[in-house]
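Each chain, letter by letter, is given below.
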Amino acid sequence: MAALASGVVSTGSLEERLQWIRLAGLLRRQVGLMRNLLALLLRIREAIVLVDLPAFQKTALDQIQLLHELEAVGQESREQISALVPQARDAAGEAGLAEAIAVAPPEDRRELVELQQTLIQLAEDVRRLAHRNEKLMTALGEIREAQYQALWNAFGRLLGTYGERKTFVPASVCDVVG
C-alpha cells in the first residue's frame, strides 16, 4: 500500500492488484450467498415440518433463484482465477482457487485462505442440511402413504361390511341434497 501512496506502482501491478481484490470480493459474495442458501434450507425444513405448502413453494422458488445467482458468481470467480493464474487448474480441469492462492500476493493470501475455508465449511453445511431435508421429505411421504393406505383399507372393510349385510345403498344426489 505504501507503493500506491508514493505513486511508484506500475500500471500492470496496479491492475493485477485490483484483480486480486476483485477475486476476494467475488468470494465474499459467494460466502454471503451460501449463508443465504443455508437460511433458505432452514426455512424449507420448517415448511416441511409444518406441512406448509405455500411457504415450501415460495422458499423453493427463492432457492432456485439463489442457486442461479450462486452459479453465476462462481463462474465469475473461476473466470477471475483464470485471468490471474491461467495455469491454475484443479483436478476437474477448472480454474482452481487453491492453486491461485498458492501464487497470490502475500497481502491477499490470508484473506483468500479464510474465504476458501469458509466456503468449504458452508458447502458442507449446505450438503448436510439438504440431505437432512431430503430424509425428512422421504419420511413425511412414507407417513402420508401409510395414512392413505390405512384409510383405503378401512374404506375397503367398510364396503365389505355393508356388502355382507346388503344394506349398502348408494345415495343419490337427491338424497344428499334434499
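Shown above is the structure to which this text applies.
Residues numbered from 1 in each chain as written. Predicted model: local features only at pLDDT ≥ 70, side-chain atom pairs only at ≥ 80, totals over all residues. Heavy atoms only, no water.

**Student:** So, the overall build of the chain: which residues are in play, and what are the values?
**Tutor:** Within the chain, the secondary structure is distributed over 6 helices and 0 strands. Traced from its N-terminal end to its C-terminal end, the chain shows the element sequence α-α-α-α-α-α. Long-range pairs, those at least 24 residues apart, make up 64% of the contacts in the chain with a sequence separation of at least 6. As presented, the chain carries roughly 12,100 Å² of accessible surface, and 60% of it is formed by carbon and sulfur atoms. (Helix = DSSP H or I, 4+ residues; strand = E, 2+ residues; numbered from the N terminus. Contact = heavy atoms within 4.5 Å. Areas by Shrake-Rupley, 256 points an atom, 1.4 Å probe, with all protein chains shown as cover.)

**Student:** Tell me about the environment of Leu 84, residues and numbers included.
**Tutor:** In this fold, Leu 84 is placed in helix 3 (residues 53-84). On the accessibility criterion, Leu 84 (16% relative accessible area) is buried. When the C-alpha positions of Leu 84 and Gln 19 are compared, they lie 7.0 Å apart, and in sequence the two are 65 residues distant. Residues in contact with Leu 84, not counting those within four places in the same chain, are Glu 16, Gln 19, Trp 20 and Leu 23. (Buried < 20%, exposed > 50% of the residue type's maximum accessible area, 1.4 Å probe, protein only.)

**Student:** Can you lay out the nonpolar core for me, pointing to particular residues and giving the numbers?
**Tutor:** Among the nonpolar cores identified, the biggest contains 28 residues, and Trp 20, Leu 23, Leu 27 and Leu 112 are the most heavily contacted of them. Sorting the residues of this core by element identifies helix 2 (11-50), helix 3, helix 4 (97-103) and helix 5 (106-165) as the ones contributing at least two each. For this core, the leading source of residues is helix 2, giving 12 residues. Apart from the residues within four sequence positions on either side, Trp 20 is in contact with Leu 84, Val 85, Ala 100, Val 103, Ala 104, Pro 105, Asp 108 and Leu 112. (Core = buried A, V, L, I, M, F, W, Y, C linked by side-chain atoms within 4.5 Å.)

**Student:** Break down the environment of Leu 119 for me, citing the residues and quoting the values.
**Tutor:** Among the secondary structure elements, Leu 119 is positioned in helix 5. Given the relative accessible area of 15%, Leu 119 is considered buried. Through-space distance from the C-alpha of Leu 119 to that of Arg 28 is 9.1 Å; in sequence the pair is 91 residues apart. Discounting chain neighbours no more than four positions away, the residues touching Leu 119 are Leu 27, Gln 30, Val 31 and Met 34.

**Student:** Describe unusual backbone geometry, naming the residues involved and giving the relevant values.
**Tutor:** One non-glycine residue, Val 51, lies in positive phi territory at about 50 degrees. Within the fold, Val 51 resides in the loop between helix 2 and helix 3.

**Student:** Mind laying out a nonpolar patch on the surface, listing which residues take part and the relevant values?
**Tutor:** On the surface, Trp 152, Phe 155, Leu 158 and Leu 159 cluster together into a nonpolar patch covering about 430 Å² of accessible area. Its place among the elements puts Leu 158 in helix 5. What makes Leu 158 partly exposed here is its relative accessible area of 43%. (Patch = residues over 30% accessible without salt bridge, like charges linked within 9 Å, V, L, I, M, F, W, Y side chains within 5 Å. Salt bridge = Lys/Arg side-chain N within 4 Å of Asp/Glu carboxyl O.)

**Student:** Could you give an account of the pattern of salt bridges, naming the residues involved and the relevant values?
**Tutor:** All chains considered together, the criterion is met by 11 salt bridges. A salt bridge links Arg 28 to Glu 111; the nearest nitrogen and oxygen atoms lie 2.2 Å apart. Of the two residues, Arg 28 is situated in helix 2 and Glu 111 in helix 5; the sequence distance between them amounts to 83 residues. Overall, Arg 28 belongs to the partly exposed group, its relative accessible area being 42%. Take Glu 111: its relative accessible area is 29%, and that puts it in the partly exposed class. Beyond isolated ion pairs, a larger network of salt bridges with shared partners links Glu 124, Asp 125, Arg 127 and Arg 128.

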